[in-house]
Amino acid sequence: MRNAVSLSLDPTSGRVRVSLNSNWRFQRTEYNPDQLVYDTRPDISYLNGSDAQVLKPYILASANDFIKDASNRHERPDGEPGSNITFVKVNFDDNSWENVTLPHDWAIKGPFYTGDNVPVGGGMGRLPSHGVGWYRREVDLLPADQGKRIYLDIDGAQSYAMVWLNGHLVGGWPYGYASFRLDLTPYVNFNGVNLLAIRVDNPKDSSRWYPGGGIYRNVWLTKVEPVAVSHWGTYVVTDNVTQGSATVKMVIQLEKNSNSTQIIDIATDIHEFVTKTGSRGEKVAQFPRFTRSFNSSGKRTTTQYTTVSKPLLWGPWSAQRPNLYVAVTRLCIQNQTVDTYETQFGIRIFEYSSSEGLLVNGQKVKIQGVNNHHDLGAIGAAFNVRAATRQLEILKTMGCNAIRMSHNPPAPELLDLTDRLGFLVMNEIFDSWQMNKTKNDFHLIFDDWHEPDLRSFIRRDRNHPSIFAWSIGNEVGEQYTNETGAAVAKVLHDIVHEEDPTRPVTASMNYAKPYMTFPKELDVLSLNYQGEGIRDAPAYAHLSGTKTPPLYPDFHAAFPEKLLMTSESAAALSTRGTYMFPVLNGTSAPVNDTSGGNSTTLRVSAYELYSADFGSSPDKVFSAQDHNPYVAGEFVWSGFDYLGEPTPYYTARSSYFGPIDLAGFPKDRFYLYQSRWAPEIKSAHILPHWTWPDRVGQVTPVHVFSSANEAELFLNGRSLGKRRKTEYEYRFRWDTVVYEPGELRVVTYKNGTEWASASKRTVGLAAKLRVSADRTDIAADGLDLSFVKVEVLDKDGHVVPEASNSITFDVEGVGKLVATDNGDPADFTAFPERTRKAFSGLVLGIIKGTGVAGSIKVTASAPGLQSGEATVQTQ
Ligand code: GAL
């Protein structure tokens, strides 16, 4: 999709970019198979000082384009490290290796590690992400390619990627979330076989969440003529934006890799970008044509200006529209196109107000955001456009308009999606700097790599209109070292501004205080949990650990000129469809075995009142924000449940933080956010479910999430009273309801007028399955996906809320089952399994095509139940 307007399709464009995703051979070993190592590392001390070949001095040179001061650039030593390793050799027989297609995440198929003393524990998702992976494939290059530059573009490889071509070490890039380019040209064989061998090395204890393993994003081969636009070589900034016109500034960097003198004509046109078709629309402006004479190799930068009249502005949904433009740059030598390069961008004005928050095109936009980790649930870290699109679509139905890329650069296509769907983005790069959070995290390479990683990150992403802020770090340990830490923040801040002076820099602070030096170095302030307060409500009083009062007012007072927002709020916890009694009387409490949690079943009550020790319920967060209306908004921790970090139960596999579970099914909390973030939706959502044979006669509180301000609850037709939400209340509660089977019904009112109603009834025994696909027409390409939901129903067609029947998927026709899930953080059935227990009545199957047009029949069956089926067509 990134290449929807793919220039590689145009043979006259001079630039060819082809996917290298298919036909890889792959092997992973848990232990080092080859004595190669990027650098000495605490977890592989057995290699230190032995026959190990340390490749760092050779790899560092790959960073040079992103190191500003020439004296800090790296000279590659002589030698051919690794050339003795059979895996890099052209004639090595890799037939016994696995056949894989990228994006590929070697760990996601499992099996899960369960119990204690396992190589990868709950924090990193209990999946085998560690170890060394080797990837090999041949690359087609032709005699006609001679004279061109041949680049390898890797969008992300987890981690410590090192690349050989035809047995020669080309280079590499350690940070697993970085996109990078390597120049293959010196090692290419234009008249025969070209063998690429890529080694990735994923340490244990390298992350606080599931990192995935391997080449988990797209890989491209880019061929350009000796004169071309540089990698990420354009930078578009818009200014003087009015209804009538906008100034567009474009910086273009050209590179020349030959010594002959050449005169190059450069022309850039601006077209509307048609999001629906992913193609160029009408031409709306052009930059002045200009000519450059180059007589030697090197890089040259030019800045140009033009005006777009009556610009169609980019703005976030729902109040605005995400209009886009594409600048098409053509380089010609003697009327022959030698390069064509496209830059998508948007025209918009961001204003960062300390009193009003974020203004987009003059209009205040409250940030209703979520944090998202990079995994896509059951398909893991392997990036997939459809799976990411589905996440954004689900978030939209919740009213979400912003994403924080916690805590690392996303796949480039995700930013194309946020541009096109109209989400605001806080784009973040690091979770740690020099001070570590885990033994083998980024701190090991910070000194060498912070600059190239940061510069390449900004250059890659700075044309995306959806990005409104850069975050240089999340809760870094340097917050605790005052001046020393602030000095590091300043270095990073200044690098960002050299690459993009137009957007503010922030770093998320869960500890730094208004009187410290750290926040002074940041352009806008983003707090984690400190805004609403940490462990400061009565129910948290018994906890040890830092207690912080709500700090919005103090930060606002100390920095009256800075926009203040929350980059992490809530850290509320729940398991979908699980309710525990008694229910908290208050509005927020830490979870434990006597309060909303069960450490045996590994579940947390979905009354949505419970949080991590340092967290708060959404209700408490909303109240803090409404008391401090200058706050620009929040990013909830987190949007979806994600793999790893299963607070409070580290024996589980995935988190409990999302209002949406790992399978993408909404929890009750989804409707609480929806009621606040999408007040125009006539919503009414009742919890808990109403099938409690063991609770007859017992108090069973009923809560309702609704955008209305009054609600009346009926049990079997009897009114249980009308409630009105007062200021700083966000839910309707009837806490003394005595359970009896039958029907609960709520009727809500907004300003006295009936608004929305809902009901929940006692259901019967599981009898049948209903199967429904989120999309019944998909592309056959094997990349497009259909997410198929299976519901366990009673004979009357109502979902059986606690059903846990074992469900088996059968897929016939031109499709395959990719994975299954049920959203239970404690389900250790491996994701590729076709039989999985329903959880709270639901199971998910993910289906893809096999490359052939036709029809896919998906059948779900379970012992004793009537099966269900759905059909998906592929084109
Ligand atoms: C924050 C951290 C997040 C996540 C969250 C929930 O402190 O920044 O990455 O760990 O807590 O535990």
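Residues numbered from 1 in each chain as written. Predicted model: local features only at pLDDT ≥ 70, side-chain atom pairs only at ≥ 80, totals over all residues. Heavy atoms only, no water.

(A) Just the nonpolar core, in detail. Counting 186 residues, the largest nonpolar core has Trp-134, Tyr-135, Leu-395 and Trp-433 as the members making the most contacts within it. If you look at the next biggest cluster of nonpolar residues, it comprises 25 residues, including Ala-246, Val-248, Ile-270 and Tyr-325. (Core = buried A, V, L, I, M, F, W, Y, C linked by side-chain atoms within 4.5 Å. Buried < 20%, exposed > 50% of the residue type's maximum accessible area, 1.4 Å probe, protein only.)

(B) How the structure looks around the sheet that holds strand E36 (residues 684-687). A sheet is described by the order of its strands in space; here 3 strands give the open sequence E36-E37-E40, paired in antiparallel fashion. Every interior strand has two partners, whereas the edge strands, E36 and strand E40 (732-734), have only one. Pairwise comparison of adjacent strand axes, ignoring direction, gives a mean angle of 15° for this sheet. Sheet topology note: the strand E37 (residues 702-706)/E40 ladder contains 3 bridges and is antiparallel. Each bridged residue has a counterpart across the sheet, and for His-703 the counterpart in E40 is Arg-733. (Pairing = 2+ DSSP bridges. Helix = DSSP H or I, 4+ residues; strand = E, 2+ residues; numbered from the N terminus. Axes fitted to C-alpha atoms, helices over the stretch in contact; angles between N-to-C directions.)

(C) Fine view of the UniProt feature "domain: DUF4982" (unreviewed entry) in the chain. As annotated by UniProt and renumbered to match this structure, "domain: DUF4982" (unreviewed entry) occupies residues 697-756. In residues 697-756, helix accounts for 0% and strand for 55%; the two terminal C-alpha atoms are 29 Å from one another. (UniProt positions renumbered as here; feature names shortened; annotations may be inferred.)

(D) Expanded view of the side chain of Arg-455. Within the fold, Arg-455 resides in helix H4 (residues 446-461). On the basis of relative accessible area, Arg-455 is assigned to the buried category, the value being 4%. Each residue touching Arg-455, except ones within four places of it in the same chain, is listed here: Phe-66, Lys-68, Ile-495, Glu-498 and Glu-499. (Contact = heavy atoms within 4.5 Å.)

(E) Structural detail: the site of the ligand. Residues in close proximity to the ligand include Arg-208, His-407, Asn-474, Glu-475, Asn-528, Tyr-529, Glu-568, Phe-614, Trp-637, Glu-645 and Phe-657, which together make up its full environment. The side chain of His-407 places a nitrogen or oxygen atom 2.5 Å from an oxygen atom of the ligand. Residue Asn-474 places a side-chain N or O atom 2.9 Å away from an oxygen atom belonging to the ligand. Starting from 300 Å² of accessible surface for the ligand in isolation, the protein chains cover 93%. For the shell around the ligand, the residue count by class is 4 nonpolar, 3 polar and 4 charged. (Near = heavy atom within 4 Å. Polar contact = N/O pair within 3.5 Å; in protein donor to acceptor, adjacent residues only side chain to side chain. Areas by Shrake-Rupley, 256 points an atom, 1.4 Å probe, with all protein chains shown as cover. Nonpolar A, V, L, I, M, F, W, Y, C, P; charged D, E, K, R; others polar.)

(F) Highlighting the domain arrangement of the chain. You can read the domains of the chain as domain 1 (11-104 + 131-202 + 215-223), domain 2 (227-345), domain 3 (350-573 + 612-657), domain 4 (685-761) and domain 5 (768-874). With centres defined by C-alpha atoms, the gap from domain 2 to domain 5 works out at 45 Å. (Domains from an automatic or database assignment.)

(G) Looking closely at the environment of Pro-119. Mapped onto the secondary structure, Pro-119 falls in the loop between strand E5 (98-100) and strand E6 (131-138). Pro-119 sits 36 residues away from Asp-155 along the chain, and the two C-alpha atoms are 28 Å apart. Among all residues touching Pro-119, those that are not within four sequence positions of it are Glu-30, Tyr-113, His-130 and Lys-204.

(H) Broad picture of the pattern of salt bridges. Throughout the structure, instances matching the rule amount to 51 salt bridges. Asp-65 is the partner of Lys-299 in a salt bridge, and the nearest nitrogen-oxygen pair spans 3.3 Å. A residue pair is termed long-range when its members are at least 10 positions apart, and Lys-299 in strand E18 (residues 298-309) and Asp-65 in the loop between helix H1 (56-59) and E5 qualify at 234 residues. Judged by its relative accessible area of 49%, Asp-65 is partly exposed. A salt bridge links Arg-460 to Asp-461; the shortest N-O distance between them is 2.7 Å. You can call Arg-460 buried: its relative accessible area is 8%. Overall, the relative accessible area of 1% leaves Asp-461 in the buried class. Through salt bridges with shared partners, a single network forms among Lys-68, Glu-451, Arg-455, Arg-459, Arg-462, Glu-498 and Glu-499. (Salt bridge = Lys/Arg side-chain N within 4 Å of Asp/Glu carboxyl O.)

(I) A look at the packing of aromatic side chains. Across all of its chains, the model carries 45 aromatic pairs by this definition. Here Phe-66 and Trp-232 contribute two aromatic rings whose centre-to-centre distance is 6.0 Å and whose plane-to-plane angle is 50°, an arrangement assigned as tilted. With Phe-66 in the loop between H1 and E5 and Trp-232 in strand E13 (residues 227-239), this pair connects stretches of sequence that are 166 residues apart. A single burial state applies to Phe-66 and to Trp-232, both of which are buried. Grouped by ring-pair contacts, the aromatic residues Tyr-175, Tyr-177, Tyr-216, Phe-430, Phe-442 and Phe-446 constitute a single cluster. Geometry around Tyr-749 places Lys-722 over its ring, the cationic atom sitting 4.3 Å from the centre. (Phe/Tyr/Trp six-rings, centres within 6.5 Å; stacked < 30°, edge-to-face > 60°. Lys NZ or Arg CZ within 6 Å of the ring centre and 35° of its normal.)

(J) Expanded view of the sheet that holds strand E51 (residues 868-874). Ordered by their spatial adjacency, 5 strands build an open sheet running E44-E51-E50-E46-E48, and the pairing between neighbours is mixed. Edge positions in the sheet fall to strand E44 (777-778) and strand E48 (835-837), since each of these pairs with one other strand and no more.

(K) Main features of unusual backbone geometry. Cis geometry is adopted by the peptide bond preceding Pro-111, which originates at Gly-110 and carries an omega value of 0°. Relative to the helices and strands, Pro-111 resides in the loop between E5 and E6. Note the cis peptide between Trp-317 and Ser-318, where omega equals 0°. Backbone geometry places Asn-117, a non-glycine residue, at a positive phi of 50°. Take Asn-117: its relative accessible area is 80%, and that puts it in the exposed class. Positive phi outside glycine occurs at Ser-840, with the angle close to 45°.

(L) Structural detail: the confidence of the model for the chain. Across the chain, the average pLDDT comes to 96, with 98% of residues at or above 70. Across residues 1-9, where pLDDT falls below 50, the model places 29 contacts with residues more than four positions away in sequence or in other chains. (pLDDT = per-residue confidence, 0-100.)

(M) Fine view of the pairing of strand E41 (residues 743-750). Both strand E38 (residues 710-715) and E41 contribute to a ladder of 6 bridges, which runs antiparallel. Considered in E41, the bridge of Phe-714 is made with Arg-745. Linkage of E41 to strand E42 (residues 753-761), two consecutive antiparallel strands, is achieved through a turn of 2 residues, within which Asn-751 is found at a positive phi near 50°.

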